[in-house]
Amino acid sequence: MTSTRARFQGNGEITFEQVTLGDVAEGEVRLRVDVCALCGSDKRLLHSGATVVPGHEIGGTVVGGALPAGTRGIVYIPVFCGTCVRCAAGRTNQCLHLSQLIGWQRDGGFAEHVDVPARCVLPVPDDIPLSVAVLGLDTVGTAAHALRLALRTQDTVDRLLVVGAGPLGLGVVAVARAMGIAVDAVDPNPARLETATALGATPAGDLSAENQYDVVVEVSGADAARATAQRVIRPGGTVVALGESNEPYTMPATPRWRRTDCYTVRSFYFPVDEMAANWDLLRVMGGPLRDLIVRPLTLPELPEAFARFVAGDHVKPCIVSADADVVSEVTR
Ligand SMILES: [Zn+2]
Ligand SMILES: [Zn+2]
């Protein structure tokens, strides 16, 4: 069996290679990749190059290995051990022996096929299309988990601010609205802000004053956005740091910040025991979110998909298999 996969050579260059697939390793599953979404973090690998096949927002169909053929699943990125105390408690994102991330330290989904540990395959309920299910990973899974953590710190949340309306920020908007929370959003890109508005957010007003929000979800990772979050949060409020960047996260040593009981919550990914609740969320908001942000392209079009992603034309380009139903689910 042969299969095509993408290689990131660095400096924005993508090449394709055809490989002959061997046997599936013990405890693993081979998936036909039906859909693999581009993530903002992949842009770093596009620049630096990668020793493995990138792509970590994967939905596919089992074609071999430790699960029944034909099973539809999405792929949980962190390879958790499944046996430590945190995994046993269902908190797989807190595994004490976290080793690899799929698409980062082992081959991911910009390919026709990918082999993953069977426990990383989250079966998709029959009533949820794969094009919606794949949003249950980085976009909705991460957003919902972060919001649940934030809500645990607060008695009431009257108003929440999302700083940065990229794919994850839009996921936070959609999930917060589905949870019944009023949401303001801010983004320097008018098109992104417009998408946030279509999902139910209100464009934020003047953010120069302090003490405006109960919860601020900072999704950009930029210094200025982090400073905004720390300024507009009210005493006792919660800043959720979701943005990914290599910049240090600075807590200002100002009297206001030191003396007002603010929470800072940092989160990266969701635990598998939240998946049932996330399917329920996706049944409500997944279709509309997909229709607003997902744009399907094929594997040979991956360079074009990244070009459009980087240019900001597409919020969430997805590489889809011509063999899968996913193509017909999404409008080009
Ligand atoms: Zn990602
Ligand atoms: Zn573990």
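Worth saying up front: this structure is predicted, and the values here are computed from it rather than measured. (Residues numbered from 1 in each chain as written. Chains lettered and ligands numbered in written order. Predicted model: local features only at pLDDT ≥ 70, side-chain atom pairs only at ≥ 80, totals over all residues. Heavy atoms only, no water.)

### Quick notes on the coordination of the zinc ion (ligand 1)
Protein-derived coordination of the zinc ion (ligand 1) comes from Cys39 (SG), His56 (NE2) and Asp138 (OD), at a distance range of 1.9 to 2.2 Å. Given the relative accessible area of 14%, Asp138 is considered buried. (Donors = N, O, S within 2.8 Å, 3.2 Å for Na, K, Ca; no water. Buried < 20%, exposed > 50% of the residue type's maximum accessible area, 1.4 Å probe, protein only.)

### Concerning the packing of helix α5 (residues 167-178) against helix α9 (residues 275-293)
Each pair of packed helices can be described by the angle between their axes along with the distance between the axes. Remark: α5 packs on α9, axes separated minimally by 10 Å, with the N-to-C direction vectors making an angle of 145°. Seen along the crossing, α5 lies across α9 with a hand that is right-handed. Taking contact as the criterion, the partners of Leu170, Ala174, Val175 and Ala178 in α5 are, on α9, Leu281, Met285, Leu289 and Ile293. Among the residues forming the contact of α5 with α9, the class breakdown is eight nonpolar, no polar and no charged. (Axes fitted to C-alpha atoms, helices over the stretch in contact; angles between N-to-C directions. Helix = DSSP H or I, 4+ residues; strand = E, 2+ residues; numbered from the N terminus. Left-handed = near helix turned anticlockwise from the far one by under 90°. Contact = heavy atoms within 4.5 Å. Nonpolar A, V, L, I, M, F, W, Y, C, P; charged D, E, K, R; others polar.)

### Details of the pairing of strand β8 (residues 160-163)
In β8, alternate side chains face the same way, and those of Leu160 and Val162 on one face and Leu161 and Val163 on the other are all buried. The parallel pair β8 and strand β9 (residues 183-186), bridged by α5, forms a crossover whose chirality is right-handed. Bridging between β8 and strand β11 (residues 213-218) involves four bridges; their strand directions are parallel. Considered in β11, the bridge of Val162 is made with Val217. (Right-handed = clockwise from strand over helix to strand, strands pointing away. Pairing = 2+ DSSP bridges.)

### Topic: the sheet that holds β9
Overall, parallel pairing links the six strands, which are arranged β10-β9-β8-β11-β12-β13 in an open sheet. If you trace the sheet from one side to the other, it starts and ends with β10 (202-203) and β13 (263-266), each paired once. Across five bridges, β11 lies against strand β12 (residues 233-241) in parallel orientation. Residue pairing across strands places Val215 opposite Thr238, the latter belonging to β12.

### Comments concerning the nonpolar core
Of all hydrophobic cores here, the largest spans 95 residues; its most connected members are Phe8, Phe110, Leu160, Val217, Leu302 and Phe306. When residues of this core are assigned to domains, at least three fall in each of domain 1 (2-138 + 270-329) and domain 2 (143-266). (Core = buried A, V, L, I, M, F, W, Y, C linked by side-chain atoms within 4.5 Å. Domains from an automatic or database assignment.)

### Here's the deal with the coordination of the zinc ion (ligand 2)
The coordination sphere of the zinc ion (ligand 2) contains the protein donors Cys81 (SG), Cys84 (SG), Cys87 (SG) and Cys95 (SG), at a distance range of 2.3 to 2.4 Å. For the zinc ion (ligand 2), the four donor atoms in the first shell make angles of 104 to 119° at the metal, so the coordination geometry reads as tetrahedral. Site description for the zinc ion (ligand 2): donor spacing in sequence, C-x2-C-x2-C-x7-C. With Cys84 in the loop between β5 (72-75) and α2 (85-88) and Cys95 in the loop between α2 and β6 (113-117), this residue pair connects regions lying 11 residues apart in the sequence. For Cys95, a relative accessible area of 7% translates into the label buried. (Tetrahedral: all angles 85-135°; square planar, octahedral: opposite > 155°, others 65-115°.)

### A look at the pattern of salt bridges
What the rule picks out here adds up to 19 salt bridges. A salt bridge links Glu17 to Arg5, with the shortest nitrogen-to-oxygen separation between them at 2.6 Å. Residue Glu17 is located in strand β2 (residues 13-20), and its partner Arg5 is located in strand β1 (residues 2-10); the two are separated by 12 residues in the primary sequence. Among the residues examined, Glu17 registers a relative accessible area of 26% and is labelled partly exposed. (Salt bridge = Lys/Arg side-chain N within 4 Å of Asp/Glu carboxyl O.)

### Focus on the domain arrangement of the protein
Here the domain parsing of the protein yields domain 1 (2-138 + 270-329) and domain 2 (143-266). Between domain 1 and domain 2, the residue contacts involve 16 residues of the former and 16 residues of the latter. Contact between domain 1 and domain 2 buries roughly 1300 Å² in total, counting both sides, with carbon and sulfur atoms accounting for 68%. Taken as a group, Leu281, Leu292 and Val315 account for 32% of the area that domain 1 buries against domain 2, more than any other trio of residues on that side. The shortest N-O distance in the salt bridge between Glu274 and Arg148 comes to 2.7 Å. On inspection of domain 1 and its partner domain 2, the count reaches four residue pairs in polar contact (both at pLDDT 80 or more). No other element matches the seven residues that α9 contributes to the side of domain 1 that touches domain 2. The residue inventory of the side of domain 1 that touches domain 2, partitioned by class, reads nine nonpolar, two polar and five charged. (Buried area = accessible area lost by both parts, 1.4 Å probe. Polar contact = N/O pair within 3.5 Å; in protein donor to acceptor, adjacent residues only side chain to side chain.)

### Overview of the UniProt feature "domain: Alcohol dehydrogenase-like N-terminal" (unreviewed entry) in the protein
In this structure's numbering, the residues bearing the UniProt feature "domain: Alcohol dehydrogenase-like N-terminal" (unreviewed entry) are residues 26-126. For the annotated span residues 26-126, helix accounts for 11% and strand for 31% of the residues, and the straight-line distance between the end C-alpha atoms is 27 Å. (UniProt positions renumbered as here; feature names shortened; annotations may be inferred.)

### Considering the state of the cysteines
What is meant by a disulfide is a covalent connection between two cysteines, made through their sulfur atoms. Per the counting criterion, the structure on display carries zero disulfides. Looking at the unpaired Cys318, the closest cysteine sulfur is the one in Cys36, lying at 8.0 Å. (Disulfide = S-S within 2.5 Å.)

### Examining the packing of aromatic side chains
As enumerated under the stated definition, the model contains eight aromatic pairs in all. Ring centres of Phe8 and Phe306 lie 5.6 Å apart, and the angle between their planes is 85°; this geometry places the pair in the edge-to-face category. Remark: Phe306 occurs in helix α10 (residues 302-311) and Phe8 occurs in strand β1; sequence separation between them is 298 residues. Both residues of the pair, Phe8 and Phe306, belong to the buried class. Aromatic pair Tyr76 and Phe270: ring centres 5.3 Å apart, planes at 90°, arrangement edge-to-face. With Tyr76 in the loop between β5 and α2 and Phe270 in the loop between β13 and α9, this residue pair connects regions lying 194 residues apart in the sequence. (Phe/Tyr/Trp six-rings, centres within 6.5 Å; stacked < 30°, edge-to-face > 60°.)

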